[in-house]
Amino acid sequence: MDFTLTPEHREFAEAVRSFAAAKLAPGALERAHQHSLDRGLYKVLANQGLIGITIPEEQGGQGGDLMSAVQAIYEVGLHCPTSADIIQAGNFGAIRTFAQYANDEQRERFLPGLLSGETIIGLGMTEPGAGSAVTELTTTAKEDGDGYLINGTKIFGTHSVDADVFLIYVRFGPGTGGIGSVLIERGTEGLNFGQPTEFMSGEKWCQLYFDNCWIPKENVLLGEGGFKKQISGFNVERLGNSTRALALGRYAFTVARDYALTREQFGRPLCEFQGLQWKFADCAVELDSAQMLLYRAVTDLDEGGLPTAYNTASAKLAANRAGFHAANEAVQVMGGTGYSQESLVEYCFRRTRGWMIAGGSIEILQNRIAENVFGRRFDQRKG
């Protein structure tokens, strides 16, 4: 398969690279330790055309393809990791699911604000008793007059501290077929927020509580039977995760390489020590290999125009491992400098570690890959 970028993709990547180097690289270290959503930056990226890249033009998006979105995340991530997070959230995940499955009234109500950066959408999927086994979620939607009463709780949600509207996975009925999703706006009676806390990366999240939270039927995104549609789009979400892991791993690799070229110990540059040469050689091969798997996932699409589960799982597994390994080795090579918050390298280490959990843990990915290898499904449930 040919993974060569088209002239249009190369031109787009160069434009994003130039913008990121000039406008985003300055202040990248400060943003990484800001620990709060920068809405002003979100609007800057939206004005640059980096939000809604894959959303059709008739809906207000850029009308681009998956490769364009991946290139945008990657090129920005090489200069400013925090900005790459915003581009991920502005192209994949909740916003893409919403744009794909919302009706005309819902799009008219929310999409302009989402694409301009005025409105932030959050995602509520994981629950205290439903993480990797997301189909075991217990948050319910019970019909009540002209709407639904929502009861339950969500944890680890994207933008849970800052979002203006939340896309919440709920259970309308029993089984996987009873799962769908609803839109709940901040300020809705019965929606309550737990105390904000932080991941290792510094990213904030808070628990969402739904206590007889009433929403109109117009806020149902996908009713019963919608889970399979929602989860099919999750493969796209994993592409953004993979891309950021690669970008931050590559960033840390490059900084450490330059450090090894100039830093001297025992009268010679660090790069002349074979032990360090092997570290860089291993990381280079892993990063390059993972990038090829990512490009395969982006270009080898199914009939619905989505990446396959196997290709996505392979890409994310390889990218998560390669990105973290590169960041981890960069910290080691740079010693105290790499371990210090004076460098983005230690932030890359913390951020890439989280992506081996978020968006499907590497163990779950290995299970999915094994199912493809053996041509059968392995049910992880007891009994």
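Considerations on the packing of helix α11 (residues 309–334) against helix α14 (residues 362–374)
- Direction vectors running N to C along α11 and α14 enclose 140°, while the axes themselves pass 9 Å from each other. As the angle between them shows, α11 and α14 are arranged oblique. For the element pair α11 and α14, the recorded crossing hand is left-handed. In contact with Y310, A313, S314, K316, L317, N320 and R321 of α11, α14 contributes I362, L365, Q366, R368, I369 and N372.
- Class assignment for the residues of the contact of α11 with α14 results in 6 nonpolar, 4 polar and 3 charged.

Observations concerning the nonpolar core
- Of all hydrophobic cores here, the largest spans 91 residues; its most connected members are L50 and F98.
- Sort the elements by how many residues they give to this core and helix α9 (residues 234–262) lands first, with 12 residues.
- Filtering out sequence-adjacent residues up to four positions away, F98 remains in contact with Q106, R107, F110, L111, L114, I121, L167, L183 and L221.
- Listed in part, the 17 residues of the second largest apolar core include A163, F166, L191 and L208.

Considering the pairing of strand β2 (residues 140–144)
- Across 5 bridges, the pairing between β2 and strand β3 (residues 147–154) is antiparallel. Residue pairing across strands places K142 opposite L149, the latter belonging to β3.

Remarks on empty space enclosed by the protein
- Scanning the entire structure with this criterion turns up 2 cavities of 30 Å³ or more.
- The calculated volume of the largest cavity comes to roughly 70 Å³.
- Looking at the largest cavity, the residues that line it are G93, A94, T97, L123, M125, L167, Y169, Q230, G233, F234 and E237.
- Of the residues contributing to the lining of the largest cavity, the split by class is 6 nonpolar, 4 polar and 1 charged.
- The volume enclosed by the second largest cavity comes to roughly 50 Å³.
- The wall of the second largest cavity is formed by F253, A256, K279, F280, C283, A326, E329, A330 and V333.
- Of all elements in the fold, only α9, α10 (274–299) and α11 reach the threshold of two or more residues within the lining of the second largest cavity.
- Per-element tally for the lining of the second largest cavity: the top contributor is α11, with 4 residues.
- Split by residue class, the lining of the second largest cavity holds 7 nonpolar, no polar and 2 charged.

Conventions used here
- Residues numbered from 1 in each chain as written.
- Predicted model: local features only at pLDDT ≥ 70, side-chain atom pairs only at ≥ 80, totals over all residues.
- Heavy atoms only, no water.
- Axes fitted to C-alpha atoms, helices over the stretch in contact; angles between N-to-C directions.
- Helix = DSSP H or I, 4+ residues; strand = E, 2+ residues; numbered from the N terminus.
- Parallel < 35°, antiparallel > 145°, perpendicular 65-115°, else oblique.
- Left-handed = near helix turned anticlockwise from the far one by under 90°.
- Contact = heavy atoms within 4.5 Å.
- Nonpolar A, V, L, I, M, F, W, Y, C, P; charged D, E, K, R; others polar.
- Core = buried A, V, L, I, M, F, W, Y, C linked by side-chain atoms within 4.5 Å.
- Buried < 20%, exposed > 50% of the residue type's maximum accessible area, 1.4 Å probe, protein only.
- Pairing = 2+ DSSP bridges.
- 1 Å grid on protein atoms, 1.4 Å probe; cavity = no way out; pocket = protein on both sides within 12 Å on 5 of 7 lines; lining within 4 Å.
- Points joined across faces, edges and corners; volume = space filled by probe spheres on them.

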